[in-house]
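Here is how the chains run, residue by residue.
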There are 2 protein chains.
Amino acid sequence: MASERIRPGRYVCGIDAAVGVIGGKWKVLILWALHEYPGIRFGELRRQVPGITVKVLASHLHELEEDGIVHRVAYDEVPPRVEYSLTETGALLNKALEPLGAWGRENIMGGVDRHPEPPGPDAAEG
Amino acid sequence: MASERIRPGRYVCGIDAAVGVIGGKWKVLILWALHEYPGIRFGELRRQVPGITVKVLASHLHELEEDGIVHRVAYDEVPPRVEYSLTETGALLNKALEPLGAWGRENIMGGVDRHPEPPGPDAAEG
DNA sequence: CCGCATCCACGAAGATACTG
DNA sequence: CAGTATCTTCGTGGATGCGG
């Protein structure tokens, strides 16, 4: 068993399972940031998900890592450096979320989106 | 404004918006039952979503109705009869959820599913 | 039969201080 | 920089009783 969220009998269907894994207030935003900026560091990720607290970001990253969505690489340096990215499963999840995102844009947000175009990798690090 | 969940500035992207509308513990199960049994009555719907309480089912139905996902028809009879079904938007939402359901089945549930047919009968007839 | 109102329990999320 | 620990707050969901 990978985690508490992934165990037999918890879900009745795939949608239920997916929502159980990415549900909550922040996970999809983390996922999106991870997709936009592969190898993003903790502090930068925090800035990319405005409003999230350190504790919540850390715990959600742990959960996503447990669930095989997120890959974590810690470098043994001073100052410490940790990079996060999507696993293959995580990338597939993001792809599976695309139709849902399109639905949300069209039916909830009236076709508007606050981040129409990714700024590009050069905006990731300063 | 349709509801508190649908207002400008609440979401940063379509996925976020969609999860905001269908998030929580029960909404996707309600959605699925509504898809399987169009025109289902309250009591029957309650049986189709095992474990849900009356209060939660009622409030979630109201939210889904506010958000334009669910259509509610009350017949002025004794005893009272109320039927629920998906709106067109709700049906589209269910369709948009299909890839997510497939992802969940394959990556979380190990390909198993507790109910034979995923939402979307016309998905199989293409 | 349908559904709301009230009160209560629990987990998730926020703020802050602290460690390696 | 990258987190952990703790306390508090808040929202969601659960149980029960009442009204149309």
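Just above, that's the structure.
Residues numbered from 1 in each chain as written. Chains lettered and ligands numbered in written order. Predicted model: local features only at pLDDT ≥ 70, side-chain atom pairs only at ≥ 80, totals over all residues. Heavy atoms only, no water.

Now for the relation of the copies chain A and chain B. Expressed as a screw operation, the relation of chain A to chain B combines 0.0 Å of axial shift with a rotation of 180 degrees, fitting to an RMSD of 0.1 Å. When the rotation and shift are considered jointly, the pair of chain copies conforms to a two-fold rotation axis. Considering only C-alpha atoms, the part of chain A nearest the rotation axis is Gly23(A), at 3.2 Å. When the interface residues of chain A are mapped onto chain B, 100% of them are again interface residues, pointing to one common binding face. (Least-squares fit on C-alpha atoms with pLDDT ≥ 70 in both. Contact = heavy atoms within 4.5 Å.)

Bringing the pairing of strand E2 (residues 70–75) of chain A into the picture now. All names here are of chain A. Pairing of E2 with strand E3 (residues 81–86), which is carried by six bridges, proceeds in the antiparallel orientation. Bridging across to E3, Val70 finds its partner in Leu86. Connecting the antiparallel pair E2 and E3 is a turn made up of five residues. (Pairing = 2+ DSSP bridges. Helix = DSSP H or I, 4+ residues; strand = E, 2+ residues; numbered from the N terminus.)

Another point: the sheet that holds strand E2 (residues 70–75) of chain B. What holds strands together in a sheet is hydrogen bonding between their backbones, with the strands either parallel or antiparallel. Across the sheet, three strands lie side by side as E1-E3-E2 (chain B); this open sheet has antiparallel pairing. Of all strands in the sheet, those with a lone pairing partner are strand E1 (40–41) and E2 of chain B, marking the two edges.

How large an interface is tends to be reported as the accessible area lost when its parts come together. The interface is formed by 33 residues belonging to chain A together with 35 residues belonging to chain B. Together, the buried faces of chain A and chain B total about 3,300 Å²; carbon and sulfur atoms form 78% of this surface. Together, Ile15(A), Leu100(A) and Trp103(A) form the three largest contributors to the area buried by chain A at its contact with chain B, with a combined 21%. On the surface where chain A and chain B come into contact, there are zero salt bridges. It is helix H5 (residues 88–107) of chain A that provides the largest number of residues to the side of chain A that touches chain B, a total of 12 residues. Taken together, the residues of the side of chain A that touches chain B sort by class into 21 nonpolar, eight polar and four charged. (Buried area = accessible area lost by both parts, 1.4 Å probe. Salt bridge = Lys/Arg side-chain N within 4 Å of Asp/Glu carboxyl O. Nonpolar A, V, L, I, M, F, W, Y, C, P; charged D, E, K, R; others polar.)

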